[in-house]
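So you can see what is in the structure, the chains are spelled out below.
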Amino acid sequence: MTGSSKPLSVRGITKTYQSKTGAPVRALQPINLEIAAGEFLVIVGPSGCGKSTLLNILAGFGEPSGGEARVGDARITGPDIDRGMVFQSYALFPWLSVVGNVEFGLERKRVPRRERREIAMEYLRMVGLQDFAERGINELSGGMKQRVAIARAFAPQPSIILMDEPFGALDALTRRFLQGQLLRIWQQHKKTVVFVTHSVPEAITLADRIAVMTARPGRIRKMTAVDLSHPREATSDRFRDSERELYAELDEELARSFAVEAGDLIA
Amino acid sequence: MIVIVWQLVIALFRPHVSLLPPPVLAASEFWTLFASGELFVHTGISLARVFSAWMITGAIAIPLGLAMGWSHRFEQIVDPFVEIFRPISPLAWIPLAILWFGIGEAGKVFVVCVATFFPTLLSTIAGVKRIDPVLVHAGQVLGCTDQPSLLRKVIFPAALPSIVVGLRISFGTGWAAIIAAELVAARSGLGYLIANGMEILRADKVLVGMAMIGILGVCFDAFFRFLNRRFAWGEA
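Computed from a prediction, not measured in an experiment: that's the story for all the values here.

A.B. asks: Which parts of the structure should I look at to understand the overall build of chain B?
C.D. replies: Looking only at helices and strands, one finds ten helices and zero strands in chain B. Of the regular secondary structure in chain B, the N- to C-terminal order runs α-α-α-α-α-α-α-α-α-α. Projected onto its principal axes, the C-alpha positions of chain B cover 70 × 40 × 30 Å. Within the span of chain B, comprising 236 residues, buried residues form 39% of the whole. Residue pairs in contact within chain B that sit at least 24 positions apart in sequence constitute 73% of those at least 6 positions apart.

Dropping the structure here:
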């Protein structure tokens, strides 16, 4: 039942917005990334650095101003069911039940009704929500909603899963629990994951590699591999060392991003 | 309460029975029309007109509203026409309706169509515009990559709570408009019952017609409020 996963390559992607005053705003400087099939890449960076912009381009919601992104050999030109996404605000369909949400992508892939239900239930079991299949979305807590959203994203077997600060709105304990659940699903299915966050511990808990982005206009400042075996204990010395390193990088960028903002205010 | 005031007015002003009959007399006329089935015939005819017009409107205004809410360019093209016709009361269309369709069914259905059109259209547009863009994105990455499937599987259900509100409001405006249309030109319907009561100086008949309009209005509003709650996912 494990579908294929594919490599994702980002080649010289740039993005320039037109601001309200008409002046061009550079959101992304040329970004280059080679993400292996089945790799878990986490992007961290100060807020407003363009990590979400990059993720939206990878999802196909926006065209880059320059460069291109490829999944395997295919150039990304628009949204596709082969690239699933998990959003910070869950984005569940409130008119469908829990299992209806998980079946949505399968239905679009024309999976027959009975099989669709079986697959959806299997993914709901993976996130521990099999007993909530017929519930309405608005009956669920935030953590449960995000578990449904994760099941919904994985169920149609996309090669790539994009996650935009998926646990950003959740409390610390729920967050830890969901990180564990996500890792288990990822290890089982080996999808290529691109995960955006601004939590340093979260990045170290999840990532094969971490890409640190600079302040706006964003580019990749540093790539680090996390050579710790799962499950990673947040209290271990090596975890702490990685945290320290990452914070040092980010602090520098944060200082720069405040300088950029101050510059904007003066201008 | 109403009955007490009514009785009081009669006791104080002593109006002629053809202008304001006592409640007992109105009630007995209600019973007469009820028992003879005449009341049902008129009510049924009025309802049938409103329902058919309301469905025609829904079939036009909902797709149009979806398109206008979804495509900014399409909205810019169509909106000026909508804005010109919107302030014109549906009742102002009655003379034209009579000229074009005579006093047959088509004219009255037409007037109700006009009356129900704008509430339905505007609620549909508002419903589409209020959709969280992230839901659209979610639909796209789950396989709704073309406009028709996106409209059918995401935009329409997401806007449905607002559309149901529009249908409820428009049923109310349609119900008001059909009475007006029947007052002017009809040989049947609740509006006709009222107009006829006036012509033959039978205020009791007029009152029975009015009571029926009020009762049904309340019933339908309650029904739609129930539907609203059923489709209230937009609120939470």
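A.B. asks: Mind showing me how you'd approach the pairing of strand E8 (residues 192-197) of chain A here?
C.D. replies: Two faces make up the sheet, and in a regular strand the side chains alternate between them. Residues and elements named next belong to chain A. Counting buried residues along E8, six of its six residues qualify, which places the element largely inside the surrounding structure. Side chains Thr192, Val194 and Val196 project from E8 onto one buried face, and the interleaved Val193, Phe195 and Thr197 project onto a second face that is buried too. Judged from the five bridges that link them, strand E7 (residues 160-164) and E8 form a sheet pairing that is parallel. Paired with Asp164 across the bridge in E8 is Val196. One crossover worth recording links E7 to the parallel E8 by way of helix H5 (residues 172-189), and it is right-handed.

A.B. asks: Explain the environment of Asn228(B) to me, please; I cannot follow it from the model alone.
C.D. replies: Residue and element names in this part refer to chain B. Within the secondary structure layout, Asn228 lies in helix H10 (residues 203-230). Spatially, the C-alpha atoms of Asn228 and Ser162 are 8.6 Å apart, while their sequence positions differ by 66 residues. Apart from the residues within four sequence positions on either side, Asn228 is in contact with Val164, Val165 and Arg168.

A.B. asks: Would you mind showing me how to read the sheet that holds strand E6 (residues 83-86) of chain A here?
C.D. replies: Pairing between the strands of a sheet is mediated by backbone hydrogen bonds and can be parallel or antiparallel. All names here are of chain A. Read across the sheet, six strands follow the order E6-E7-E8-E3-E9-E10 without closing on themselves; strand pairing throughout is mixed. On the outer flanks of this sheet lie E6 and strand E10 (220-225), each paired with one strand and no other. In this sheet, adjacent strand axes meet at a mean angle of 20° when their direction is disregarded. Taken strand by strand, helix H4 (residues 142-154) contacts E6 and E7, and its axis lies near 175° from that of E6.

A.B. asks: What's the story with the environment of Asp79(B) in this structure? I'm lost.
C.D. replies: Residue and element names in this part refer to chain B. Following the sequence through the fold, Asp79 ends up in helix H4 (residues 72-85). Note on Asp79: 13 C-beta atoms within 10 Å, which makes it partly exposed. Each C-alpha atom of the pair Asp79 and Met68 lies 8.2 Å from the other, and the pair is eleven residues apart in sequence.

A.B. asks: Help me understand the sheet that holds strand E5 (residues 74-75) of chain A in this model?
C.D. replies: All names here are of chain A. The four strands lie next to each other as E2-E1-E4-E5, forming an open sheet whose pairing is antiparallel. Looking at the sheet topology across the chains shown, the edges are occupied by strand E2 (24-35) and E5. Relative to E2, strand E1 (residues 8-18) runs antiparallel, the two being bridged by eight bridges. Across the sheet, Leu8 pairs through a bridge with Ile35, a residue of E2. Strands in contact with helix H1 (residues 51-59) are E1, E2 and strand E4 (66-71); relative to E2, the strand with the most contacts, it is inclined by about 65°.

A.B. asks: Whenever I open this one, the interface of chain A and chain B confuses me. Can you help?
C.D. replies: Bring the parts together and some accessible area is lost; that lost area is often taken as the interface size. With 21 residues of chain A in contact, the opposing surface of chain B contributes 14 residues. For the side of chain A that touches chain B, the secondary structure elements donating two or more residues are E6 and helix H2 (98-108) of chain A. Split into classes, the residues belonging to the side of chain A that touches chain B amount to twelve nonpolar, five polar and four charged.

Calculation criteria
- Residues numbered from 1 in each chain as written.
- Chains lettered and ligands numbered in written order.
- Predicted model: local features only at pLDDT ≥ 70, side-chain atom pairs only at ≥ 80, totals over all residues.
- Helix = DSSP H or I, 4+ residues; strand = E, 2+ residues; numbered from the N terminus.
- Buried ≥ 20, exposed ≤ 12 C-beta atoms within 10 Å, placed from the backbone.
- Contact = placed C-beta atoms within 7 Å.
- Pairing = 2+ DSSP bridges.
- Right-handed = clockwise from strand over helix to strand, strands pointing away.
- Axes fitted to C-alpha atoms, helices over the stretch in contact; angles between N-to-C directions.
- Nonpolar A, V, L, I, M, F, W, Y, C, P; charged D, E, K, R; others polar.

Read these as spatial facts, not as claims about activity.
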